[in-house]
Amino acid sequence: MTASTSTAPHRERGAERPSLAALNKAPLADYYVVVFAVGILCALGSMMVLSASSVLAQSRGESPYYYSIRQLVFLVVGVVAAVVLSRMSTEALRRLGWVAWSLAVVLLVLVLTPLGHGVNGNTNWLRIGPVQFQPSEFAKLALVVWGAALFHTKRRRLHETNQLLVPFVPGALVVLALVLAGRDLGTGVVIALLIMALLFFVGTSLRLLVPAGLAAVAVVVFLVFGSSNRMSRIQVFLDPQWNTDLSSQPMSALYALASGGWWGLGLGASKQKWGGLKDAAHTDFIFAVIGEELGLFGVLVVVAMFGLLARAGFSIALQSDKMFNRLAAAGVTAWLLTQALINILVVVHLLPVLGIPLPFISSGGSALMANLMAVGVLLAVARDTPAARRHLGRSRRSSQPRMTSVVAAGGGS
């Protein structure tokens, strides 16, 4: 009797501890995994932008916190936008599809007018009064929402090739052409891959996707050969000794990663940010600074967080029972992972320099806000999976106050 009495509390305490498998199967598990992964990436990004940009800011006569404060402001605005989008119903998001595409096209057209502003040879910024932003970053999100809404409307006729391709392909190519008109090949490559991903997720035959992919590669080759700047990047990628001045930035990224070791040189101790990475230590090459200051540990944290985001994002897509939800979740996840992969491959010198920022980490207000808004859409879809709907429905019913009326015995006088 004594033995059984003493062991019972232990069994009860053990039973109260949910297993990892049970947590993984919780209705909103993927929702919280996305929040956790993006939260870690944003926190790490804010810290690394401060470390990587302080030298550049002071060299330009600014406060060492200049870029860091700007990043925090955009982070706050982006988080607010993400929260608002995450609380919207997927039906409301779907109705915004054509509005988002139309707005993206209008803004991309304005970039080609005198309102457009060029940076490093690319005319991809729009300046309206004191406000300056990059419409092509928001166009990626618009493309995902519009494409998902369009395919949802046509979901019963997607077996017909003309219904599958029209008007999505012409509309998507308009967005792509406007981005390329601003000479932003890096962003154009990301948008082209996003278009291919959406067509793949909706079930387009490989007999159509493979020729389309080959045609896209041919266009990229044509655009590269048509620009001396792009050809120089390719030649430097193939042979860094061809031009030591142009190759100094990608080589400095490799030196930074190589010198970081297991645990890094320490936060703020990067040497390559003092000029080796030029003006991109806090933007396109911030992954190199992470490797130099935080070592392999910091690099693996970044990779692990994107891995968690990939797992949760595609899990949300697979659990969704609506065409819009599936494509929106898969499209957002594919976009963020593709962009992260390209950035990392550039830093480790497996791709030529393309000017692609690392999502949630690189300094840049437009990219950060667009990425966080995309996460808001992903979270809205996560709240609309069948299991999440049942769970949230039970939570709402259980939280409703119970009202009891007391009527005095006997009739009132």
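We now turn to the structure provided with this report. Because the structure is predicted, anything quoted here is derived from the model rather than measured.

With respect to helix 11 (residues 206-225)
Alright, step 1. With 20 residues, helix 11 should cover 28 Å at 1.5 Å per step; its first-to-last C-alpha distance of 28 Å lies within 8% of that length.
Alright, step 2. The N-cap of helix 11, judged by a side-chain oxygen 3.1 Å from the amide nitrogen of Arg207 a few residues on, is Ser205.

Details of a nonpolar patch on the surface
Alright, step 1. Nonpolar side chains collect at one region of the surface, where Leu50, Tyr65, Ile69, Val73 and Val77 lie side by side and expose about 430 Å² of accessible area between them.
Alright, step 2. Residue contributions to the nonpolar patch peak at three residues, all from helix 4 (residues 66-86).
Alright, step 3. By the secondary structure assignment, Tyr65 is in the loop between helix 3 (29-59) and helix 4.

Brief notes about the packing of aromatic side chains
Alright, step 1. On inspection of all chains with the given rule, the structure shows eleven aromatic pairs.
Alright, step 2. Both rings, one in Tyr31 and one in Tyr32, keep their centres 5.2 Å apart while their planes meet at 80°; by these two values the pair is edge-to-face.
Alright, step 3. Residue class for Tyr32 comes out exposed when judged on its relative accessible area of 53%.
Alright, step 4. A ring pair is formed by Trp98 and Trp146, whose centres lie 5.5 Å apart and whose planes are at 75°; its orientation type is edge-to-face. Of this pair, Trp98 sits in helix 6 (residues 97-111) while Trp146 sits in helix 7 (residues 135-153); the two residues are 48 residues apart in sequence, bridging distant segments of the chain.
Alright, step 5. Feature note: the residues Trp98, Trp101, Trp146, Phe151 and Phe168 constitute an aromatic cluster, connected by ring pairs.

Conventions we followed
- Residue numbers restart at each chain and count upward from 1, following the sequence in its written direction.
- Note on the predicted model: pLDDT of at least 70 is required for a residue's local features to be given, and 80 or more for side-chain atom pairs to be given and counted; whole-chain, interface and lining totals, by contrast, use all residues.
- Remark: hydrogens and water are excluded; side-chain values derive from all non-hydrogen atoms of the structure.
- Only DSSP runs of H or I with at least four residues qualify as helices, and only runs of E with at least two residues qualify as strands; both kinds are numbered from the N terminus onward.
- Expected span, for any helix, means 1.5 Å times one less than how many residues it has.
- In protein, a polar contact means a hydrogen-donor-capable atom and an acceptor-capable atom, both N or O and within 3.5 Å, with residues adjacent in sequence counting only if both atoms are side-chain atoms; elsewhere, any N or O pair within 3.5 Å suffices.
- Patches in this entry comprise residues that are over 30% relatively accessible and not in a salt bridge; like charges within 9 Å are linked, as are nonpolar side chains (Val, Leu, Ile, Met, Phe, Trp, Tyr) within 5 Å.
- Using a 1.4 Å probe, the Shrake-Rupley method yields the accessible areas, and only the shown protein chains count as cover for residues.
- By definition, a salt bridge exists where a carboxyl oxygen of Asp or Glu is found within 4 Å of a side-chain nitrogen of Lys or Arg.
- Any two rings among Phe, Tyr and Trp, with Trp reduced to its six-membered ring, count as a pair given centres within 6.5 Å; such a pair is stacked if its planes are under 30 degrees apart, edge-to-face if over 60, and tilted if neither.
- In this scheme, a residue with accessible area under 20% of its type's maximum is buried, one over 50% is exposed, and one in between is partly exposed, where area comes from a 1.4 Å probe on protein chains only.

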